[in-house]
There are 2 protein chains.
Amino acid sequence: MVQAPGEQYALLTDLYELTMAASYFEEGMHEEATFSLFIRKYPPNRGFFVAAGLAEALHYLATLRFSDDDVAYLESTRLFQKAFLDYLKTVRFTGEVWALPEGSLFFKDEPILEVSGPIIEAQLAETFIINAVNLQTLIATKAARATVAAQGRRLVDFSLRRTQGIDAGLKVARASYLAGFVGTSNVLAGKLYDLPIFGTMAHSYITSFPSEIEAFRAFARAFPQNTVLLIDTYDTIAGAKKAIQVGQEMAARGHKLRGVRLDSGDMAALSIDVRRLLDEAGLEYVTIFASGGFDEAKIAHTLAAGGKIDAFGVGTKMGVSADAPYFDCAYKLVRYGGRPVMKLSTGKVTYVDKKQIFRQYDDQGLMAGDSIGRREETIPDARPLLQPVMAQGRLLSPLPSLKASREYFLQEFAKLPMEYKSLENPPAYPVQITPALRQWQAEVEARVRRQELA
Amino acid sequence: MVQAPGEQYALLTDLYELTMAASYFEEGMHEEATFSLFIRKYPPNRGFFVAAGLAEALHYLATLRFSDDDVAYLESTRLFQKAFLDYLKTVRFTGEVWALPEGSLFFKDEPILEVSGPIIEAQLAETFIINAVNLQTLIATKAARATVAAQGRRLVDFSLRRTQGIDAGLKVARASYLAGFVGTSNVLAGKLYDLPIFGTMAHSYITSFPSEIEAFRAFARAFPQNTVLLIDTYDTIAGAKKAIQVGQEMAARGHKLRGVRLDSGDMAALSIDVRRLLDEAGLEYVTIFASGGFDEAKIAHTLAAGGKIDAFGVGTKMGVSADAPYFDCAYKLVRYGGRPVMKLSTGKVTYVDKKQIFRQYDDQGLMAGDSIGRREETIPDARPLLQPVMAQGRLLSPLPSLKASREYFLQEFAKLPMEYKSLENPPAYPVQITPALRQWQAEVEARVRRQELA
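Just so we're clear, the structure is a prediction, and the values are computed from it rather than from any experiment.

**A closer look at the overall build of chain A**
Now for step 1: Within chain A, the secondary structure is distributed over 17 helices and 19 strands.
Now for step 2: With respect to the principal axes defined by its C-alpha atoms, chain A has extents near 80 × 55 × 40 Å.
Now for step 3: Put simply, chain A has 454 residues, and 56% of those count as buried.
Now for step 4: Sequence separation of 24 or more characterises 73% of the internal contacts of chain A that already satisfy a separation of 6 or more.

So, in structure tokens, the structure goes:
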């Protein structure tokens, strides 16, 4: 489940991918198709995207195959001819992929990846690839915003209970770590992705004991090196005083209380009071951890109000990207059989043909603007971002580790000027279309209009 | 993956479930705990919830166990003592569950299920149970709203590409079917849950051919019994005229074009024009299918504007419950060792102890109001809703099939007065607390306040 294997998920697709494939097969259409994956627009308050999910998409392509059982199911639907079903058993992805490395920053209309291969192979992968890249990119982008708000304070993923399912729970832990979180409460994600895991106690733990202080003492006995006490079960200030008492008892035994956790109420005001109480009791080393409804907006608000918080547990609102729970992410055919193609559907522009993104930097090394151009263009002093990662259905080289991708993201994010990281209404990062692509686009559109709408 | 087995997902939990368990173990705390799962409040415009996800939660409980590999991972974290790790290998869920059948209607604060068992067993299940019930209940509720808007027209789940991961893709197909959808585009969900599957072609299919009409003809050749033509690739009205031409060619061969699909533009106006063109051409039998950004609001708006649409593909906005992508769903300890318990954290009320929901009906058999009471109460003329479904860790009887649960939902939903189904600002369905529970709650609160805050 680290990466869903294509062997198991060939049927995790929309039926139309298979009906289209059946028709391509009957028509003998096996020429090269290129599909481009991109996001059409920014949700409110977003001005950048963090690329994630590529590893899963590539693993799927590398392992895609229909089992006998899959084909037997398809046969049972009576939709397909025997010859096509026999052919499906032989399908492998044999094409190429150009992609942004995980952790890259990108912007609307820029291709995250482009898949080229025989049309049936590249078409069948549509649903899975959108699903994989959309979710992790959505979460990495949301998590990156939380790191901006936290200004260097540590963030931990607490979202598992309300992520949209199991797979999301795992991928949220992965994507938020990629975007700068320090770890997760999700134990299985910790195991599968080698992530630091965090967690101590819930309110149920406190209420299961005859009194709050007995609960605190029991936990300190069990975890003398790793005790963070949840202090808001009955009253945060009363709880803080009991935590201080237990912290002092631990100190007398040569142990250190690691922290206290706030989970409700006015976090800024409470954290200021709790910090003062801790410091006055000689427990300056005890950290304050806060959780409960945090996202980038609540983190920013709490810190702006003077909150004395060392680390945040960031849960549901990050884990479902609550203010923008999906991106308008599309996988569109841009070329078939050597011919650039486009649709004209109302209000939706797709740039034709194989493309490249070119990024320029200013004197300080900060990002200055991107251009979307044709694949074969070169632009002086601009860095081409899409890299060939798969050819003939095989990875060209091993993908970076998650930790390496996290480092790459942190480096890249430092190059994005602060104005574009604004949490509210960021300005649009400049993205141009090159003259060559613009002209090619216009020629294709004129041809299509002439032919279909004359 | 139909139901994630507890054998594989014991570690799919928050770390604190395990640290709490370790402390309970060290303290010798093995008495019976009862946890109650409920939703604290309605998201905007919601006035009812549709219970779903129970089958998965119960399957998890029945199969929960830690593998040697799981325990080896936990050992590697150096957080736990050997005795506790050895104990973990023996843990099974041996308790009982009372629950609402899938497809039930319920309201805020009402328990969806209550789990009772030795505290470690019942505590460990928290994260998984919330995750399973929250997601499917979220989606079933959203999908039910879409069926209200559609007024009997057929709805198909089209959300897979942008659901939050693989597991969500499958469960959205399941939960939307439970709530009255007729099927899904998701082929794997069709296979795993025995759901009707739907789908024909994407824009890429059209653009891969030299012309739109050649694409239409090729599809009609491949699927003479099952052709629905996507007509908006270049221009919906021009596309409709080509579809009519192909529909007439099919008729001349003794076949029937099944439908056309609109996917962009002003759906109401376009569907009226397309219906007229089809009817004028003698293709009254050709249905109009619409997709593209539909949720309950857009369905209602399109039909109110006179849209001539026979069926809708409902995608992303339903599949992530976009306007309310999570519920404030909690699993709270309400009783331990024979003692009712509660927390007092700011702004959050949890009703103590084992409970029951009692539902009353009016003379027409419509739902008239609910009461939340103590488990052992009886209320004349009221139907108790929570049923014992598991005891000593085993299902008391096989769960209903998905189709049976769908039928149950449809029956129950017909009993909810229309005013509560309003898509905007529905009135609050009446839910009372029984005098017995209210008094018990007050006594427990007084005791806790006396003890912790004196």
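Past the structure itself, the notes keep going.
**Here we look at the sheet that holds strand E3 (residues 96-99) of chain B**
All names here are of chain B.
Now for step 1: A sheet is described by the order of its strands in space; here 7 strands give the open sequence E13-E12-E1-E5-E3-E17-E18, paired in antiparallel fashion. Sheet topology places strand E13 (339-340) and strand E18 (394-395) at the edges, where each strand pairs with a single neighbour.
Now for step 2: Summarising the sheet, strand E17 (residues 387-391) and E18 pair through 2 bridges and their orientation is antiparallel. Along E18, the bridge assignment pairs Met-390 with Leu-395.
Now for step 3: Where helix H7 (residues 126-150) meets the sheet, its contacts fall on strand E1 (32-39) and strand E12 (329-336), and the angle it forms with E12 comes to roughly 135°.

**What about helix H16 (residues 402-414) of chain A?**
All names here are of chain A.
Now for step 1: Taking 1.5 Å of rise per residue, the 13 residues of H16 would be expected to cover 18 Å, and the 18 Å separating its terminal C-alpha atoms lies within 8% of that figure.
Now for step 2: Those residues of H16 that fall on the buried side of the exposure criterion are Ser-405, Arg-406 and Phe-409. All buried residues of H16 lie within an arc of 105° about the axis, which places them on one face of the element. Across H16 from its buried face, at more than 90 degrees, point the exposed residues Gln-411 and Ala-414.

**A short note on the domain arrangement of chain A**
Now for step 1: When its domains are assigned, chain A resolves into domain 1 (6-139 + 324-453) and domain 2 (199-290).
Now for step 2: Computed from C-alpha atoms alone, the centre-to-centre distance between domain 1 of chain A and domain 2 of chain A is 49 Å.

**Notes on the interface of chain A and chain B**
Now for step 1: Facing 91 residues of chain A, the contacting portion of chain B comprises 91 residues.
Now for step 2: For the side of chain A that touches chain B, the leading source of residues is helix H2 (residues 15-27) of chain A, giving 9 residues.
Now for step 3: A breakdown of the residues in the side of chain A that touches chain B according to their chemical character gives 44 nonpolar, 30 polar and 17 charged.

**Section: the relation of the copies chain A and chain B**
Now for step 1: Least-squares fitting of chain A to chain B yields an RMSD of 0.0 Å, with the superposition described by an axial translation of 0.0 Å and a rotation of 180°. Here the symmetry operator amounts to a two-fold rotation axis.

**A short note on the pairing of strand E17 (residues 387-391) of chain A**
Residues and elements named next belong to chain A.
Now for step 1: Across 3 bridges, the pairing between strand E3 (residues 96-99) and E17 is antiparallel. Among the inter-strand pairings, Trp-98 is bridged to a residue of E17, identified as Pro-388.
Now for step 2: Two successive antiparallel strands, E17 and strand E18 (residues 394-395), enclose a turn made up of 2 residues, where Gln-392 displays a positive phi of approximately 50°.

**A look at the nonpolar core**
Now for step 1: Within the largest apolar cluster, 297 residues are counted, with the highest numbers of intra-cluster contacts made by A:Leu37, A:Ala125, A:Val260, B:Leu37, B:Leu113 and B:Ala125.
Now for step 2: The residues contacting B:Leu113, other than those within four sequence positions of it, are B:Leu37, B:Leu54, B:Ala57, B:Val97, B:Trp98, B:Ala99 and B:Leu100.

**Observations concerning the sheet that holds E17(A)**
Within a sheet, adjacent strands bond to each other through the backbone by hydrogen bonds, running parallel or antiparallel.
Residue and element names in this part refer to chain A.
Now for step 1: Taken in spatial order, the 7 strands line up as E13-E12-E1-E5-E3-E17-E18 in an open sheet, and their pairing is antiparallel. Two strands lie at the open edges of the sheet, namely strand E13 (339-340) and E18, each paired on one side alone.
Now for step 2: Contacts from helix H7 (residues 126-150) reach strand E1 (32-39) and strand E12 (329-336), with the element oriented near 135° to E12.

**Describing the environment of B:Gly338**
Residue and element names in this part refer to chain B.
Now for step 1: Along the chain, the position of Gly-338 falls in the loop between E12 and E13.
Now for step 2: On the neighbour-count criterion, Gly-338 (7 C-beta atoms within 10 Å) is exposed.
Now for step 3: Through-space distance from the C-alpha of Gly-338 to that of Val-115 is 14 Å; in sequence the pair is 223 residues apart.

**A closer look at the confidence of the model for chain A**
Now for step 1: When pLDDT is averaged across chain A, the result is 96; 98% of the residues are at 70 or more.
Now for step 2: ipTM for the predicted complex: 0.97, alongside a pTM of 0.97.

**Concerning the pairing of E12(B)**
All names here are of chain B.
Now for step 1: For E12, a buried count of 7 out of 8 residues is recorded, marking the element as mostly surrounded by other parts of the structure.
Now for step 2: The pairing of E1 with E12 spans 7 bridges and is classified as antiparallel. Among the inter-strand pairings, Phe-35 is bridged to a residue of E12, identified as Leu-333.
Now for step 3: Note: E12 against E13, 2 bridges, orientation antiparallel. Bridge assignment links Tyr-336 to a residue of E13, and that residue is Arg-339.
Now for step 4: Between E12 and E13, which follow one another and run antiparallel, lie 2 residues, and Gly-337 among them has a positive phi close to 55°.

**A look at unusual backbone geometry**
Now for step 1: You will see that A:Asp381, though not glycine, has its phi angle at about 65°, which is positive.
Now for step 2: On the secondary structure map, A:Asp381 appears in the loop between strand E15 (367-374) and strand E16 (383-384).
Now for step 3: Take A:Asp381: there are 8 C-beta atoms within 10 Å of it, and that puts it in the exposed class.
Now for step 4: With phi around 70°, B:Asp353 is a residue other than glycine that occupies positive phi space.
Now for step 5: Looking at B:Asp353, the number of C-beta atoms within 10 Å reads 20, which means it is buried.

**Points about the packing of helix H8 (residues 166-178) of chain A against H16(A)**
All names here are of chain A.
Now for step 1: Packing of H8 against H16 brings their axes to within 8 Å, and their N-to-C directions diverge by 45°. As summarised for this structure, H8 and H16 are arranged oblique, according to the angle between their axes. Contact residues: H8 offers Arg-174, Tyr-177 and Leu-178, while H16 offers Leu-402, Ser-405, Arg-406 and Phe-409.

Thresholds, definitions, all that
- Residues numbered from 1 in each chain as written.
- Chains lettered and ligands numbered in written order.
- Predicted model: local features only at pLDDT ≥ 70, side-chain atom pairs only at ≥ 80, totals over all residues.
- Helix = DSSP H or I, 4+ residues; strand = E, 2+ residues; numbered from the N terminus.
- Buried ≥ 20, exposed ≤ 12 C-beta atoms within 10 Å, placed from the backbone.
- Contact = placed C-beta atoms within 7 Å.
- Pairing = 2+ DSSP bridges.
- Axes fitted to C-alpha atoms, helices over the stretch in contact; angles between N-to-C directions.
- Expected span 1.5 Å × (residues − 1).
- Arc of directions from axis to C-beta.
- Domains from an automatic or database assignment.
- Nonpolar A, V, L, I, M, F, W, Y, C, P; charged D, E, K, R; others polar.
- Least-squares fit on C-alpha atoms with pLDDT ≥ 70 in both.
- Core = buried A, V, L, I, M, F, W, Y, C linked by C-beta atoms within 7 Å.
- pLDDT = per-residue confidence, 0-100.
- Parallel < 35°, antiparallel > 145°, perpendicular 65-115°, else oblique.

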